[in-house]
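Here is what each chain is made of, one letter per residue.
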Amino acid sequence: MPTRKTSKTRRKRPQQARSRATVDALLEAAAQLFERHGVGATTTDRIAERAGVSVGSLYQYFGDKQALLVALSERHLDEGEAVVRAAFGELAAPDRPLDEWVAALIETFVALHRERPALHRVLTEEGPLPTRVRRRVEALEAAAVEALAGLLRQRTDVRVPDSRLAAHFLVVWVDAVAHRLVLHPPDGVTTEALCAEAERLIVAYLASGDAPTGRRAASR
């Protein structure tokens, strides 16, 4: 997604419950309209009308619809980070069979895209978003790689020579596959069938080869 700076950003921060309720209503109204019509066809007038507030009230908190898009993206990242943290905590049990472990890992990434997929498509494919949001995405991806590398090292049935490299591959590849499957599913193939195929490939990849020794083991 391209990035650019914008002079109109989020303005007033809600402090009281009523202000927070107004902001929540504006964000939900924007989300619904973005889902249905896209960012380009949505106006601040329509967002304010749907939220049941005046356009002036909208501009107290958001400089334009781009600022609403950014706020929705940040909220989406907060929710996604919570999902991944919880899922990775459950994946920490090293005695879980590898095929079940991989299936749970795939489902974690699918779940990130399956929650309001139309909005997820808008947030990831329409834009542009400011650099700070893109940097946060990169930071969350890096954190996921490190956490997953640690999980891979705990498993005696994972024989890849470089756990961090494998983790990086899995985070990038599985996220891309999940995005494609949920948001742009191919005709005639179910998400479940494609997830099962991805599971088969990943299990074979992780379990392939002999247990690393010497210099190979040191990279783990």
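See the structure above.
For clarity, every value in this text was computed on a predicted model and none was experimentally measured.

With that settled, the discussion passes to the overall build of the protein. For the protein, the helix and strand inventory stands at 10 helices and zero strands. When the helices and strands of the protein are read in sequence order from the N terminus, they spell out α-α-α-α-α-α-α-α-α-α. Going through the 220 residues of the protein one by one, you find that 37% of them count as buried. In the protein, the share of contacts with a sequence separation of at least 24, taken over all contacts with a separation of at least 6, comes to 76%. Carbon and sulfur atoms form 52% of the exposed surface of the protein, whose accessible area is close to 11800 Å².

Before going further, it helps to spend a moment on the layout of surface pockets. Here the largest pocket defines a volume of roughly 1100 Å³. As for the largest pocket, its lining consists of 38 residues, of which Leu-77, Leu-112, Val-137, Leu-140 and Asp-175 are closest to the centre. Put simply, the parts of the chain that give the lining of the largest pocket at least two residues each are α4 (65-90), α5 (98-114), α6 (117-125), α7 (131-154) and α8 (163-183). Top contributing element to the lining of the largest pocket by residue count: α4, with 12 residues.

Residue position: Arg-155 is located in the loop between α7 and α8. A polar side-chain atom of Arg-155 sits 2.4 Å from the main-chain carbonyl oxygen of Arg-96.

Right, let's get into the packing of aromatic side chains. Applying the stated criterion across every chain, the model contains two aromatic pairs. Here the aromatic rings of Phe-169 and Trp-173 are separated by 5.9 Å at their centres, their planes lie at 15 degrees, and the arrangement is stacked. With Phe-169 and Trp-173 both in helix α8 and four residues apart, this pair spans about one turn of that helix. For Phe-169, a relative accessible area of 37% translates into the label partly exposed. Since its relative accessible area comes to 29%, Trp-173 is described here as partly exposed. Ring geometry for Phe-169 against Tyr-205: centres 5.3 Å apart, planes inclined by 65 degrees, an arrangement best described as edge-to-face. With Phe-169 in helix α8 and Tyr-205 in helix α9 (residues 191-207), the pair connects residues that are 36 residues apart, well separated along the chain. Classification of Tyr-205 as partly exposed rests on a relative accessible area of 31%.

Applying the stated criterion across every chain, the model contains one cavity of 30 Å³ or more. As a volume, the largest cavity reaches approximately 40 Å³. Along the walls of the largest cavity sit Ile-106, Val-110, Trp-173, Val-174, Val-177, Ala-178, Leu-181, Cys-195 and Ala-198, which together make up its complete lining. Of all the secondary structure elements, the ones that give two or more residues to the lining of the largest cavity are α5, α8 and α9. The greatest single-element share of the lining of the largest cavity, amounting to five residues, is contributed by α8. In terms of residue class, the lining of the largest cavity is built from nine nonpolar, no polar and no charged.

In this model, α9 (17 residues) spans 24 Å end to end at C-alpha, consistent with the 24 Å of a helix rising 1.5 Å per residue. Buried within α9 are the following residues: Thr-191, Cys-195, Ala-198, Ile-202 and Leu-206. Buried residues of α9 fall within an arc of 65 degrees about the axis and therefore sit on the same side. Next to the buried residues of α9 lie α5, α7 and α8.

Before going further, it helps to examine the pattern of salt bridges. All chains considered together, the criterion is met by 11 salt bridges. Of the charged contacts in the structure, one is a salt bridge between Glu-81 and Arg-136, with a shortest N-O distance of 3.3 Å. Within this pair, whereas Glu-81 is found in helix α4, its partner Arg-136 is found in helix α7, the two being separated by 55 residues in sequence. By relative accessible area, which is 24% here, Arg-136 ends up partly exposed. Note that Arg-121 is salt-bridged to Glu-126, the shortest N-O span being 3.3 Å. Residue class for Arg-121 comes out partly exposed when judged on its relative accessible area of 27%. One network of salt bridges, with partners in common, ties together Asp-78, Glu-81, Arg-85 and Arg-136.

Calculation rules
- Along each chain, residue indices are assigned from 1 in the same order as the chain's sequence is written.
- The model is predicted, so local features are restricted to residues of pLDDT at least 70 and side-chain atom pairs to those at 80 or more, both for listing and for counting; the totals for chains, interfaces and linings are taken over all residues.
- To get the side-chain values, all heavy atoms of the structure are used, and hydrogens and water are removed first.
- Helical segments are the DSSP runs of H or I of at least four residues, strand segments are the runs of E of at least two, and each set is numbered from the N terminus.
- For each residue, the accessible area found with a 1.4 Å probe, counting protein chains only, is set against the maximum for its type, and the residue is called buried under 20%, exposed over 50%, and partly exposed in between.
- Contacts between residues were defined by any pair of non-hydrogen atoms, one from each residue, lying within 4.5 Å.
- Using a 1.4 Å probe, accessible areas were evaluated by the Shrake-Rupley method; residue-level cover was limited to the displayed protein chains.
- For cavity detection a 1 Å grid was placed over the protein atoms alone, and a set of points counts as a cavity when a 1.4 Å probe fits there but cannot get out; an open set counts as a pocket when protein lies on both sides within 12 Å along at least five of seven lines, with lining residues being those that have an atom within 4 Å of a point.
- Grid points are joined across faces, edges and corners, and a volume is the space filled by probe spheres set on the points.
- N or O atoms closer than or at 3.5 Å make up a polar contact, with two conditions inside protein: a donor-capable atom paired with an acceptor-capable one, and, for residues adjacent in sequence, both atoms drawn from side chains.
- Between the rings of Phe, Tyr and Trp (Trp by its six-membered ring), a pair exists once the centres lie within 6.5 Å; its type follows the angle of the planes, with under 30 degrees stacked, over 60 edge-to-face, and the other angles tilted.
- As a working rule, the residues Ala, Val, Leu, Ile, Met, Phe, Trp, Tyr, Cys and Pro are called nonpolar, Asp, Glu, Lys and Arg charged, and the rest polar, with Gly in that last group.
- Residue count minus one, scaled by 1.5 Å, sets the expected span of a helix.
- It is the directions from the helix axis to the C-beta atoms whose arc is reported.
- Here, a salt bridge means any side-chain nitrogen of Lys or Arg that lies within 4 Å of a carboxyl oxygen of Asp or Glu.

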